[in-house]
Amino acid sequence: MELIKMLWENPAILRAGLPPWQRAREDVLLRSRPTAALPGSGGKVWRLQADCSVGFMESSCLASIFWVKLDKLFLQGKFFSLEIVDPSGGTVLVDEMLAARCGYVLSEDVWGNPIFRASVLGCHVANEADRLFSLTINIKVSSSPDMRQAATYSFPMYCTYSPWAPREIVCEENYMEVSVKSDVPAISDYDSATWMSALPEVQKVQYQVWQLIFLSPSGRKKIMVSNAAKLGYSFNNTLARVFLRAPYSSNESELTVANGVSMNTVSSTSMYKQRWLLLLIDTTVSCPVDGTSFTDTAITWTLPSIIPTLVLQGDTFISKNISVGVDGKNIAHPEQNFTLEHNKTHIQITIPIGAAGGRLKSTVANGVHGIIYSINLFLEHIWADVDWHLTKYTVIKSISTPFIPRIPTVINNTIPEKRTFDVTFGSFLPDVSLVTITIGNVPLSPREAEHHGYKVYEITFPNGTKGFNLEVPFDDPTVLKEYVNRNETKYTLRVNYTLNVGPEMKPYNHPAAVECVLADIELPEAVGYCDKENLYLAVPISNLHQYWSLYIGNKLLNQHTVLSNRYLLTTNSTHLVVQVPLFAVGIIYEEVSFQRIKTRFDLALRKANTLETIEIFSVSCNFNSSAFIVCYPNGTVTVSAPMKTIPSIDMGKTKLKDSTCKPKEFNEEQAFFQFHVSTCGTSLKFEGDHIIYENEISYEKEILPAWGPPRITRDPDYRLTVLCYYPTKERLMHTAIVSNRPTNGHPPFGYGRMMVRSHVTGHRKTRQILNIISRVSKDESFLELYEPNLTIVKPSLEPIFFEVELKDEEPSVDLHLNNCWMTGSSEFNSTSQWIITMDGCENRNNESVTEFYPVSVSRRVKYPAHFKRLAVRMLVPLLGQVHLHCTVTVCSPPKGPIGNIWTCGGQCDPTRKRIDQNSEPYSGLRGYVLAGPVWIVAPEPTVD
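Residues numbered from 1 in each chain as written. Predicted model: local features only at pLDDT ≥ 70, side-chain atom pairs only at ≥ 80, totals over all residues. Heavy atoms only, no water.

Going by the annotation in an unreviewed UniProt entry, the name recorded for the chain is ZP domain-containing protein, with Pelusios castaneus given as the source organism.

Colleague: I would appreciate a short explanation of the overall build of the chain in the present structure.
Modeller: A tally of helices and strands in the chain yields twelve helices and 69 strands. Taking all 944 residues of the chain together, the buried fraction comes to 49%. Within the chain, counting contacts between residues at least 6 apart in sequence, those at least 24 apart form 65% of the total. Of the roughly 45600 Å² that the chain leaves accessible, carbon and sulfur atoms contribute 52%. (Helix = DSSP H or I, 4+ residues; strand = E, 2+ residues; numbered from the N terminus. Buried < 20%, exposed > 50% of the residue type's maximum accessible area, 1.4 Å probe, protein only. Contact = heavy atoms within 4.5 Å. Areas by Shrake-Rupley, 256 points an atom, 1.4 Å probe, with all protein chains shown as cover.)

Colleague: Would you take a moment to explain the state of the cysteines for this structure?
Modeller: As used here, a disulfide is simply a covalent bond connecting the sulfur atoms of two cysteines. Inspection of the entire model under this criterion finds seven disulfides. A disulfide bridge connects Cys820 with Cys886, and the sulfur atoms are separated by 2.1 Å. Handedness of the Cys820-Cys886 disulfide follows from its S-S torsion of about 115°: it is right-handed. You can see Cys820 sitting in strand β61 (residues 814–823) and its partner Cys886 sitting in strand β66 (residues 880–891), a full 66 residues away along the chain. (Disulfide = S-S within 2.5 Å.)

Colleague: Sorry, what's going on with the sheet that holds strand β64 (residues 848–853) here?
Modeller: Whether parallel or antiparallel, the strands of a sheet pair through hydrogen bonds between backbone atoms. The four strands are arranged β58-β60-β65-β64 in an open sheet whose pairing can be described as antiparallel. Strand pairing shows two members of the sheet lacking a second neighbour, β58 (772–777) and β64, which therefore form its edges. Taking the axes of each pair of neighbouring strands and ignoring which way they run, one obtains an average angle of 25° across the sheet. Pairing of β64 with strand β65 (residues 867–874), which is carried by six bridges, proceeds in the antiparallel orientation. Paired with Thr850 across the two strands is Val872, which belongs to β65. (Pairing = 2+ DSSP bridges. Axes fitted to C-alpha atoms, helices over the stretch in contact; angles between N-to-C directions.)

Colleague: Can you walk me through a nonpolar patch on the surface in this structure?
Modeller: On the surface, a nonpolar cluster with roughly 250 Å² of combined accessible area is contributed by Val793, Trp935 and Val937. By the element assignment, Val793 lies in strand β59 (residues 792–795). (Patch = residues over 30% accessible without salt bridge, like charges linked within 9 Å, V, L, I, M, F, W, Y side chains within 5 Å. Salt bridge = Lys/Arg side-chain N within 4 Å of Asp/Glu carboxyl O.)

Colleague: Teacher, can you tell me more about the nonpolar core here?
Modeller: Taken as a class, soluble globular proteins show a tendency for nonpolar side chains to be buried jointly. By size, the foremost hydrophobic cluster in this structure holds 54 residues, and its most contacted members are Trp301, Phe338, Ile351, Ile375, Leu377, Leu379 and Tyr393. Tallying contributions element by element places strand β28 (residues 368–384) first for this core, with six residues. When residues no more than four places from it in sequence are discounted, the contact partners of Leu377 are Trp301, Gly325, Val326, Phe338, Ile351, Val395, Ile396, Lys397 and Ile399. Within the second largest apolar cluster, 36 residues are counted, among which are Val539, Ile552, Leu557 and Leu603. (Core = buried A, V, L, I, M, F, W, Y, C linked by side-chain atoms within 4.5 Å.)

Colleague: Even after reading the chapter, I still don't get the sheet that holds strand β2 (residues 57–62), so can you show me in this structure?
Modeller: Strand order in the open sheet formed by four strands is β2-β3-β7-β6, and the pairing between neighbours is antiparallel. Either end of the sheet is taken by a strand with one partner, and the two such strands are β2 and β6 (104–108). Adjacent strand axes in the sheet meet at a mean angle of 20°, parallel and antiparallel pairs treated alike. Here six bridges tie β2 to strand β3 (residues 65–70), and the two strands are oriented antiparallel to one another. Bridge pairing in β3 places Ser60 opposite Trp67.

Colleague: What is the right way to look at the packing of aromatic side chains in this model?
Modeller: Pairs of aromatic rings are described using the distance from one ring centre to the other and the angle between the two planes. Enumeration according to the criterion identifies 29 aromatic pairs in this entry. Ring plane angle 85° and centroid distance 5.9 Å describe the contact between Phe74 and Tyr153, whose orientation is recorded as edge-to-face. Taken as a pair, Phe74 in helix α3 (residues 72–75) and Tyr153 in strand β10 (residues 151–160) lie far apart in primary sequence, 79 residues in all. Each member of the pair, Phe74 together with Tyr153, is buried. An aromatic cluster is built from Phe56, Phe74, Tyr153 and Phe155, whose rings are joined through pairwise contacts. (Phe/Tyr/Trp six-rings, centres within 6.5 Å; stacked < 30°, edge-to-face > 60°.)

Colleague: Got a minute to help me understand the pattern of salt bridges in this structure?
Modeller: When the charged atoms of two side chains lie near each other, side chains of opposite charge can form a pair. Summed over all chains, the structure comprises 23 salt bridges. With its nearest N and O atoms 2.7 Å apart, the salt bridge here joins Arg600 to Glu590. Separated by ten residues along the polypeptide, Arg600 in strand β47 (residues 597–607) and Glu590 in strand β46 (residues 587–592) bring together distant segments of the chain. Overall, Glu590 belongs to the partly exposed group, its relative accessible area being 37%. Here the residues in one salt-bridge network are Arg117, Glu172 and Glu173, joined through shared partners.

Colleague: Just to check I follow, could you spell out unusual backbone geometry for this structure?
Modeller: Apart from glycine, the bulk of residues carry a negative phi angle, and the bulk of peptide bonds sit in the trans form. A cis geometry characterises the amide bond from Ser162 onward to Pro163, with omega recorded as -5°. Residues Gly932 and Pro933 are joined by a peptide bond in cis, for which omega reads 5°. Within the secondary structure, Pro933 is located in strand β69 (residues 925–937). Even without a glycine there, the phi angle at Ala63 is positive, about 55°. One can find Ala63 in the loop between β2 and β3. Accessibility expressed as a relative area gives 29% for Ala63, which makes it partly exposed. Its identity is not glycine, yet Leu797 carries a phi of approximately 75°, on the positive side. Judged by its relative accessible area of 42%, Leu797 falls in the partly exposed class.

Colleague: Which parts of the structure should I look at to understand the side chain of Asp431?
Modeller: Along the chain, Asp431 turns up in the loop between β32 (420–428) and β33 (432–439). Within polar-contact distance, the side chain of Asp431 engages the side chain of Ser362 at 2.7 Å. If we ignore the near neighbours within four places in the chain, the residues touching Asp431 are Leu360, Lys361, Ser362, Asn500, Val501, Gly502 and Pro503. (Polar contact = N/O pair within 3.5 Å; in protein donor to acceptor, adjacent residues only side chain to side chain.)

Colleague: How should the pairing of β47 be read in this particular structure?
Modeller: Two faces belong to every sheet, and in a regular strand the side chains alternate between them. Of all eleven residues in β47, nine are buried, a share of seventy percent or more. With four bridges connecting them, strand β42 (residues 548–552) and β47 associate as antiparallel partners. Its bridge partner being in β47, Trp548 is matched across the sheet by Lys607. Inspection of the sheet shows β46 paired to β47 by five bridges, in the antiparallel sense. In the sheet register, Ile588 faces β47, and the bridge partner there is Arg600. Hairpin connection from β46 to β47: four residues lie between these consecutive antiparallel strands. Note that β47 and strand β48 (residues 613–623) share ten bridges and pair antiparallel. What sits directly across from Leu603, in β48, is Phe617.

Colleague: I tried to follow the confidence of the model for the chain on my own but got confused; where do I start?
Modeller: The predicted coordinates should not be examined in detail at positions where pLDDT is low. Here the chain shows a mean pLDDT of 80. Residues at 70 or above account for 80%. When mean pLDDT is taken per element in the chain, strand β11 (residues 167–171) scores highest with 97 and helix α11 (residues 730–735) scores lowest with 26. Below pLDDT 50 for its whole length, residues 913–923 participates in 45 contacts with residues either more than four positions away or in separate chains. (pLDDT = per-residue confidence, 0-100.)

Colleague: Hey, could you run me through the environment of Phe317 in this one?
Modeller: Its place among the elements puts Phe317 in the loop between β22 (298–304) and β23 (318–326). Residues Phe317 and Ile306, spaced eleven residues apart in sequence, show a C-alpha to C-alpha distance of 7.7 Å. Look past the residues within four positions of Phe317 in its chain and what remains in contact with it is Ser305, Ile306, Val311, His381, Trp383, Ala384 and Asp385.

Colleague: In this structure, what is going on with the side chain of Thr394? I would like to understand it.
Modeller: If you trace the backbone, Thr394 turns up in strand β29 (residues 391–400). Setting aside residues no more than four positions away along its own chain, Thr394 makes contact with Ile169, Val170, Cys171, Leu379 and Glu380.

Colleague: How should I be thinking about the environment of Thr401 in this particular structure?
Modeller: Residue position: Thr401 is located in the loop between β29 and β30 (404–405). The exposure class assigned to Thr401 is buried, which follows from its relative accessible area of 5%. Spatially, the C-alpha atom of Thr401 lies 8.8 Å from that of Ile353, the residues being 48 residues apart in sequence. Dropping the residues within four chain positions of it, Thr401 is found in contact with Phe294, Ile299, Ile353, Ile372 and Tyr373.

Colleague: Explain the environment of Ala938 to me, please; I cannot follow it from the model alone.
Modeller: The topology assignment puts Ala938 in the segment after β69. Judged by its relative accessible area of 51%, Ala938 falls in the exposed class. Between the alpha carbons of Ala938 and Pro795 there is a distance of 5.6 Å; along the sequence they are 143 residues apart.

Spelled out as structure tokens, the structure:
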């Protein structure tokens, strides 16, 4: 067997990989002269890199085997060869073929030490009475590969072995050997037919010459002993024994199976004939060629208990003893390290990965870190049977596991309060070393890492493995920091370990990222307070803009927001202070009554990167105010109207446009109104990016006489215009379908204005608010209309008739419907909408059909251009209440020269006109009207 070439570049690493006894002995080895080389296959010269010393060989006797171990440290860095001293004179260089034929093994143990084994029946072993055996080997060591100036070390060895079993079989790595006593018992009748078939061949045997007969699947072959060596066999006899040595997989061998284990078998008979003697000896030998299996935790070696080719009468088989050893040494109590199981069919040894006597070696395969476990075992089985009485069966087996991945782990031992990463990387065998560790894209050796303020050191675990510990402060510039959750920082350490793995020092890289979250951010706490007219919020500015931003609703608190909403923003060294007037945009009215106003102002603290709301700072205060208007998001308007006339008036007699809408509460100085923008005669128009709802608080004068002239009154004129502004979008103005809802889910409050009008004269020319009403007709004649407060019920799928009227005495203006839609709510921005008209066109779809009706002068109709009539019929069943919403445009004809002409009215409106931008104030004025509710019910079943 060819000796494996070993190149050891680093003596320190080799020494670290040695077992303890060898490391201790290395310290006392003496330096020696230049040395030589061991030929393996074809007389090659082998090199080990090591220092020289005397006493580098250890020998022992394992039963019938010489066992020699050479110290690899002594041979390190040198070339050496091994030759056998022939007792008849001269030396023989050992090669692979000679080793198998003569009973020699050139190998190495799991630690890499060269091993030489020789059978006591080997070709060049001196034998005295089959009891005392001697063998001399020469080790030549040189510093050059051509073995010049080689130093020769001669080692004579002696072994005694007795008593011999009648049959002994040795299964070595490269040969099979069987030896039997010459005075064997007579041939049994069990296999007499086989033996009798050999008698014709026996008759041809020459006198006093040993001959061999091989039985194989290809037939029977007889050869002279002198020719056996040419085929790789060795046959000889001693004083009392005959032995045959055969290589594995020879032409005469066959592969058999014994209880599931593959066996290499050579079936042979040895014959010797003299004048008065005919000797037939069974020299069959059979050895296992596999039987090993592996898991990630153990090796299982299985051998058959009974080998049929060796035990012809299985019913007479008795197992006497089974012993196990490692590296040529018996183990007194194998159960301490292994599991040995024996039954009628199998002998099974289970060796845990890492068991004593073997070696774990680290390696890298395809970029993956792992281990290989190797162990040199032997098993000796002694059994008895009727044919041989006793058989000693010895198997020597070197076992190495396949590559077993062992992915190292990164253990985060960090205690956040210490603000230092504490990371352990492992575990590893002692043959792994840390080369560099990359932190922040900078590779550092362990010594360089120390200079950078990091701590890098090895730690040893109780099982003998080791790890590498790394400590890095949170505040190190290479540590990534990210603001997370409410008040925490996520610290991330990214490292890359570079290791030298195993005796071959293979490079291995392992990236890792370690995270730690620490609640080390202090959230600001705002302080709120109020004066008579303002609300204030003071927010600490420490870390404010590093992590967070302040928002009012969905608007970032910046200079533009402050100026446009009439806020005041001031800062000092510690705080940012927001001053918000009582009726400014952004104020939330929690309670509005005749006696007080309870308001709240919210300031949202949001993450600067994700805009996630972390905290809502609020200040809430109560105010007393005699004059205010509050426009709620749901369209409710609350007004406290002051009395500002001379002489004073009775505030209880004030009203809205709809005279039925009276004050909810009042006293001598003010009146308190609450109404919805869809009621009390409230009108609508669009201006810029706002919807404006308008109503008017007026006073009913007492006139004398009550009817007919002359008219006398002492009451002053009192008119207070109430305006509510709600933000919207440009597309809302055109389609009246898509609403702009804030992303935080809370619709905005509108803001209001009150304008006192003390004179009616000239008001017609200046007002921009339309007085438009919409009602439901009982049928298509539009002669009878439902009263505003009457419940309207219509069966499903029947048409609903609507009439829209402009209440105005100006005959030259025209009313145009732009967009109409139906919803289940009176809210302008309500969803689940069915489109009725689009840009003045009748809408026909799968849900509804719309039809316009012409309008002519009648008892009710003075100006047909002020009316629009339409019928809506739903095509799908619809139950519940519905409201009709329409946006309208009122146009008046142009006066004077026409320039910059545009169109008034929808594209399908038959009264569509082109108007000039210099027209009267009505020109292109937009409004909004609401009709309903109409309750849609299921139609009554018909009776046949």
